[in-house]
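So the chains spell out like this:
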Amino acid sequence: MTSLLAPGPSSPRTSPPDRSGLARAWRPRSKELNENICIEQSATLHRALAALDASGIGIAVVVDPEGAVTRTVTDGDLRRMILKGAKLEDLVNTLPPQPPVTVPQGTSRTDALSVMDAHHINHLPVVDDANRLVELFDRKSLSKRIFLSPPHLGTLEREFVEEAFTSNWIAPIGPNVDAFEREMCDKIGVKAAAALSSGSAALHLAMRLLNVGAGDRVFCSSLTFVASASPITYQNAEPVFIDSDPDSWNMSPRALERALHDARAEGRPPKAIVVVNLYGQSADMDPIIELAQHYDVPIIEDAAESLGGKYKGRSSGTFGTLGVFSFNGNKIITTSGGGMLVSDDSDLIARARFLSTQAREPAAHYEHKEIGYNYRMSNILAGVGRGQLKVLQERVDARRALFETYAKELSDIPGLTWMPEPDWSYSNRWLTTCTFDPNASHVEVAALVKSLADDFIEARPIWKPLHMQPVFQGCTYYQHDNTSVSEVLFNRGMCLPSGSNMSEEEISRIIDKIKLVAG
Ligand SMILES: *Cc1c(COP(=O)(O)O)cnc(C)c1O
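Here the structure is a predicted model, which is why all the values come from computation and not from measurement.

**Here we look at the site of the ligand**
Phase 1 of the analysis: Around the ligand sit 16 residues, and of these Gly-199, Ser-200, Glu-305, Ser-326 and Lys-331 come closest.
Phase 2 of the analysis: Here Ser-200 contributes a side-chain N or O atom positioned 2.5 Å from an oxygen atom of the ligand.
Phase 3 of the analysis: Asp-302 places a polar side-chain atom, nitrogen or oxygen, 2.8 Å from a nitrogen atom of the ligand.
Phase 4 of the analysis: Contact with the protein chains removes 93% of the 380 Å² of surface that the ligand exposes when unbound.
Phase 5 of the analysis: Split into classes, the residues belonging to the shell around the ligand amount to five nonpolar, eight polar and three charged.

Written out as structure tokens, the structure is:
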């Protein structure tokens, strides 16, 4: 909670220090390294001290005329020299020789940390084949993790939360909850919304509202997070999984049609269809809606990942009888944990509010005619949500821009293909996602994910399709055609770090690593 409410990282860059007298002949990859850290053997101790002062990190790297690292020099080394009588005009190469501890380019951050531990040092030069400095690792920044999709707060969340504190409106239900629901309706263009404790709770309520019960069938996209299907089982119903379409990675209308046809033939039509909008991209709703109407089955649109995305210009999540959003910590906007159930049917949403507050009848003595849940969102978290909703478009823009950067910088990686975005789609690019063609690429996704993890970069394989999950063993599955598209995507696909608050340096770190391993 503290870190969630902490202000975002925005420390200003310091201006470049005076670098007179520092090595110039040779330029390492980063200009900053050359200017602030490298000194020539022929430099004086005075210059070395100036370099240490300029870099502010207490260490400089001595290089020979070819730029090869010969040693490191610290404040302590210079202090000892001067105490022994050395003059500031003496040359750096009068320092007692000391073979430097270095690691080759491409050493993982995990391994570099082990080397630092073994030598009790806090800085470690990374060198190329010619022993030239390419990077200087320091312990603190080395272990900085890059997360897949971390929270990114704006500036207003605190005010809304503070308002709740000031007015002592801490209990669930309150002005922030009402306002968050209204603002969400306005934002996406839907009649009614109920703010809930999670996207999973919203999905579960959707099942209840559509009277999904024991023995019923519910169709569900296979390529998704388990939470899309868990509520089907909460209701003791049976999930039937539908494959993906290669054009959108979302529910294949072709597979859906066969499934609906078979279900009718068996006299067991599904009670609902859970259509998932994966990684921020809408499913191809028109043919899906047409089929659902033809077979008279309601749609629950699982838009947990696609808030801010659009299908043919209309907001993702507004196409089903019910739509579900999630504000979990990793989603495009977050309330730390939370969800929203939306619909154009205000009666359904009113009933959702009733069920989400323990199905309490309007009587002072707590009258109950049916079983409900404790699923409502708290007024505090709704305050966070109101602030987040105000920056939603900025977050979408940032994630789309990040995707463009990845696509541009990694265009030469053999066998790499990005998740497609059909004409009708405007994806929020919640996660930048790609596949590697095993015939063209020399890396396996699992190996690449591991290499990135060794450098404290969190990447993930694509969701494991639910029909392949042990817990859903034996469930019926309809594949797209002769190919099971979701299985192919699972075997080849991965998600790259996609936070909207990554620094350029972090983005370069990821891109460089991928080029190194998969290039
Ligand atoms: C995150 C997610 C959910 C669940 O939302 P929670 O708020 O975490 O309960 C459901 N479906 C999909 C596709 C998701 O990505």
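Additional details are given in the paragraphs that follow.
**Comments concerning the packing of helix α8 (residues 175-188) against helix α14 (residues 379-390)**
Phase 1 of the analysis: At a minimum axis distance of 8 Å, the contact between α8 and α14 shows a crossing angle of 30°. With respect to their mutual orientation, α8 and α14 come out roughly parallel. Like other packed secondary-structure pairs, α8 and α14 cross with a definite hand, here left-handed. Of the residues in α14, those touching α8 at Pro-175, Asn-176, Val-177, Ala-179, Phe-180, Glu-183, Met-184 and Lys-187 are Asn-379, Ala-382, Gly-383, Gly-385, Arg-386, Leu-389 and Lys-390.
Phase 2 of the analysis: When its residues are assigned to classes, the contact of α8 with α14 shows seven nonpolar, four polar and four charged.

**Some thoughts on the environment of Val-115**
Phase 1 of the analysis: Tracing the backbone through its elements, the reader meets Val-115 in helix α5 (residues 109-119).
Phase 2 of the analysis: Between the C-alpha atom of Val-115 and that of Phe-165, which follows or precedes it by 50 residues, the distance is 49 Å.
Phase 3 of the analysis: If sequence neighbours within four positions are ignored, Val-115 has contacts with Val-101, Val-103 and Leu-124.

**Points about the pairing of strand β15 (residues 339-343)**
Phase 1 of the analysis: Burial runs high along β15: five of the five residues are buried.
Phase 2 of the analysis: On β15, burial covers both faces: Gly-339, Leu-341 and Ser-343 on one face and Met-340 and Val-342 on the other are all buried.
Phase 3 of the analysis: Examined bridge by bridge, strand β7 (residues 192-196) and β15 share five bridges and lie antiparallel to one another. Across the sheet, the residue bridging to Ala-195 is Met-340, located in β15.
Phase 4 of the analysis: Of the pairings in the sheet, the one linking strand β14 (residues 322-326) to β15 comprises four bridges and is antiparallel in character. For Phe-325, the partnering residue across the bridge sits in β15 and is Met-340.

**Some thoughts on the packing of helix α3 (residues 45-55) against helix α4 (residues 75-83)**
Phase 1 of the analysis: Relative to each other, α3 and α4 sit at 150°, their axes nearing to 10 Å. One finds that α3 runs roughly antiparallel with respect to α4. Crossing geometry of α3 relative to α4 is assigned as left-handed. Contacts between α3 and α4 involve Leu-45, Ala-48, Leu-49 and Leu-52 on the former and, on the latter, Asp-75, Leu-78, Met-81 and Ile-82.
Phase 2 of the analysis: For the contact of α3 with α4, the class distribution of residues is seven nonpolar, no polar and one charged.

**Thoughts on the packing of aromatic side chains**
Phase 1 of the analysis: For the coordinates displayed, the defined rule picks out nine aromatic pairs.
Phase 2 of the analysis: When the ring of Tyr-311 is compared with that of Phe-319, the centres are 5.4 Å apart and the planes differ by 80°; the resulting orientation is edge-to-face.
Phase 3 of the analysis: Measuring from ring centre to ring centre gives 4.8 Å for Tyr-373 and Tyr-375, while their planes differ by 5°; the resulting arrangement is stacked.
Phase 4 of the analysis: A residue is classified by how much of its surface remains accessible, and Tyr-373, at 14% relative accessible area, is buried.
Phase 5 of the analysis: Here Tyr-375 falls in the buried class, since its relative accessible area comes to 17%.
Phase 6 of the analysis: Three or more aromatic residues joined by ring pairs make a cluster, and in this case those are Phe-225, Tyr-279, Trp-430 and Trp-463.
Phase 7 of the analysis: Sitting above the plane of the Phe-319 ring, Arg-314 keeps its charged end 4.3 Å from the centroid.
Phase 8 of the analysis: The side chain of Arg-429 reaches across the aromatic face of Phe-403, ending 3.6 Å from its centre.

**Brief notes about the pattern of salt bridges**
Phase 1 of the analysis: What the rule picks out here adds up to 22 salt bridges.
Phase 2 of the analysis: Linking Arg-376 and Glu-181 is a salt bridge whose minimum nitrogen-to-oxygen distance equals 2.8 Å. Taken together, the residues Arg-376 in the loop between β17 (367-368) and α14 and Glu-181 in helix α8 connect sequence positions 195 residues apart. With respect to burial, Arg-376 and Glu-181 carry one shared label: buried.

**Considering the pairing of strand β20 (residues 432-436)**
Phase 1 of the analysis: Within β20, five of the five residues are buried, which leaves it mostly tucked inside the rest of the structure.
Phase 2 of the analysis: Burial of the side chains of β20 extends over both faces: Thr-432, Cys-434 and Phe-436 are buried on one face and Thr-433 and Thr-435 on the other.
Phase 3 of the analysis: Bridge count between strand β18 (residues 416-418) and β20: three bridges; the pairing is antiparallel. Pairing of Thr-417 across the sheet is with Thr-435, part of β20.

**Some words on the nonpolar core**
Phase 1 of the analysis: Within the largest apolar cluster, 75 residues are counted, with the highest numbers of intra-cluster contacts made by Tyr-279, Ile-300, Leu-307, Phe-325, Phe-327, Met-340 and Leu-341.
Phase 2 of the analysis: Counting residues per element, this core draws most heavily on helix α9 (residues 199-209), which supplies seven residues.
Phase 3 of the analysis: Looking at this core, you find at least three residues from each of domain 2 (156-389) and domain 3 (392-518).
Phase 4 of the analysis: Ranked by size, the runner-up nonpolar core spans 26 residues in total, among them Phe-403, Leu-496, Met-502 and Ile-511.

**Observations regarding the confidence of the model for the chain**
Phase 1 of the analysis: Of the residues in the chain, 92% reach a pLDDT of 70 or more, and the chain-wide mean stands at 91.
Phase 2 of the analysis: Low confidence marks residues 1-29, where pLDDT is under 50. Its contacts with residues over four positions away, or in another chain, come to 41 contacts.

**Notes on the sheet that holds β20**
Phase 1 of the analysis: The strand order β18-β20-β23-β21 describes an open sheet built from four strands, whose pairing is antiparallel. The open sheet has two free edges, formed respectively by β18 and β21 (460-461), since each of these has just one partner strand.
Phase 2 of the analysis: In the sheet, β20 pairs with strand β23 (residues 493-496) via four bridges, with the strands oriented antiparallel. Each residue of the ladder has a partner; that of Thr-433, found in β23, is Cys-495.
Phase 3 of the analysis: This element, helix α16 (residues 445-454), spans β20, β21 and β23 of the sheet and lies at about 20° to β23.

Parameters and conventions
Residues numbered from 1 in each chain as written. Predicted model: local features only at pLDDT ≥ 70, side-chain atom pairs only at ≥ 80, totals over all residues. Heavy atoms only, no water. Near = heavy atom within 4 Å. Polar contact = N/O pair within 3.5 Å; in protein donor to acceptor, adjacent residues only side chain to side chain. Areas by Shrake-Rupley, 256 points an atom, 1.4 Å probe, with all protein chains shown as cover. Nonpolar A, V, L, I, M, F, W, Y, C, P; charged D, E, K, R; others polar. Axes fitted to C-alpha atoms, helices over the stretch in contact; angles between N-to-C directions. Helix = DSSP H or I, 4+ residues; strand = E, 2+ residues; numbered from the N terminus. Parallel < 35°, antiparallel > 145°, perpendicular 65-115°, else oblique. Left-handed = near helix turned anticlockwise from the far one by under 90°. Contact = heavy atoms within 4.5 Å. Buried < 20%, exposed > 50% of the residue type's maximum accessible area, 1.4 Å probe, protein only. Pairing = 2+ DSSP bridges. Phe/Tyr/Trp six-rings, centres within 6.5 Å; stacked < 30°, edge-to-face > 60°. Lys NZ or Arg CZ within 6 Å of the ring centre and 35° of its normal. Salt bridge = Lys/Arg side-chain N within 4 Å of Asp/Glu carboxyl O. Core = buried A, V, L, I, M, F, W, Y, C linked by side-chain atoms within 4.5 Å. Domains from an automatic or database assignment. pLDDT = per-residue confidence, 0-100.

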